Amino acid sequence: NPTSAQTQIPTEAPTLTSSPTDTFAPSASPTEAAVSFLANFLATVSPDVNVTGTPQRIAASWMVTSDPLDWTALESRQLLERYIMILLYFASEGDLWFVNVGWLSELSVCDWFGVSCSLEGYVSDIVLNNNGLFGSIPTEIFQLTDLVILSLNTNSLEGTLPTEIGLLTILL
């Protein structure tokens, strides 16, 4: 009958095909895929992110497995700054700090203890004096392009300041 509607029954669920630009491997778990995405995103500014056991890899893996914030909703600069601040936490033994309120929480990095941000919402000040930091300052910190104050006095940090710190032209 030409006036009756035909019922269509799909035989299979529709499938999505991967393009060569996808970062997700078909056999990877969502966690592995997210680590891969972060590793690819961060590879140019944090080369050690792909090296197992480094603070860089630990920070990226923590973001994937434990971060309570949905960082996939962040724009790229916010994502980079969150990673760098998490990296600072892991590179300097943040679990042992005297005060680490807000760190590794769902809050914006602007609301973490010792961190202030510009009006645009980017890290401008890190003041963690006498706070029990151990380890070293990661070179990635030079990517915090709005950083004006970096004050880490009276801690147990080792090594020298990364030469890349010179790229922060507004640092006091």
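Preceding block: the structure.
Only a predicted model underlies this, so the values are computations on that prediction, with no experimental measurement involved.

Enquirer: Before we go on, may I ask you to explain the sheet that holds strand S2 (residues 123–127) in this structure?
Expert: Picture the strands of a sheet paired through backbone hydrogen bonds; they go either parallel or antiparallel. Strand order in the open sheet formed by three strands is S1-S2-S4, with mixed pairing between adjacent strands. A strand with exactly one partner marks an edge of an open sheet, and here the two such strands are strand S1 (115–117) and strand S4 (149–151). Sheet twist, expressed as the average angle between the axes of neighbouring strands with direction ignored, equals 20 degrees. Strand direction decides the pairing type here: S1 and S2, joined by three bridges, are antiparallel. Bridge pairing in S2 places Cys-117 opposite Val-123.

Enquirer: Is there a simple way to explain the environment of Asn-153 in this structure?
Expert: Along the chain, Asn-153 turns up in the loop between S4 and strand S5 (156–157). Each C-alpha atom of the pair Asn-153 and Asn-129 lies 4.7 Å from the other, and the pair is 24 residues apart in sequence. With residues near it in sequence (within four places) discarded, Asn-153 still touches Leu-128, Asn-129 and Asn-130. A polar side-chain atom of Asn-153 sits 3.5 Å from a polar atom in the side chain of Ser-151.

Enquirer: I'm lost on unusual backbone geometry in this one. Help?
Expert: Glycine aside, the phi torsion of most residues is negative, and most peptide linkages are trans. Of note, Leu-104 is a non-glycine position whose phi angle comes to about 60 degrees, a positive value. Residue classification places Leu-104 among the buried positions, given a relative accessible area of 16%. The phi torsion at Asn-130 lies on the positive side, around 45 degrees, for a residue other than glycine. Looking at the secondary structure, you find Asn-130 in the loop between S2 and strand S3 (134–135).

What counts as what
- Residues numbered from 1 in each chain as written.
- Predicted model: local features only at pLDDT ≥ 70, side-chain atom pairs only at ≥ 80, totals over all residues.
- Heavy atoms only, no water.
- Pairing = 2+ DSSP bridges.
- Helix = DSSP H or I, 4+ residues; strand = E, 2+ residues; numbered from the N terminus.
- Axes fitted to C-alpha atoms, helices over the stretch in contact; angles between N-to-C directions.
- Contact = heavy atoms within 4.5 Å.
- Polar contact = N/O pair within 3.5 Å; in protein donor to acceptor, adjacent residues only side chain to side chain.
- Buried < 20%, exposed > 50% of the residue type's maximum accessible area, 1.4 Å probe, protein only.

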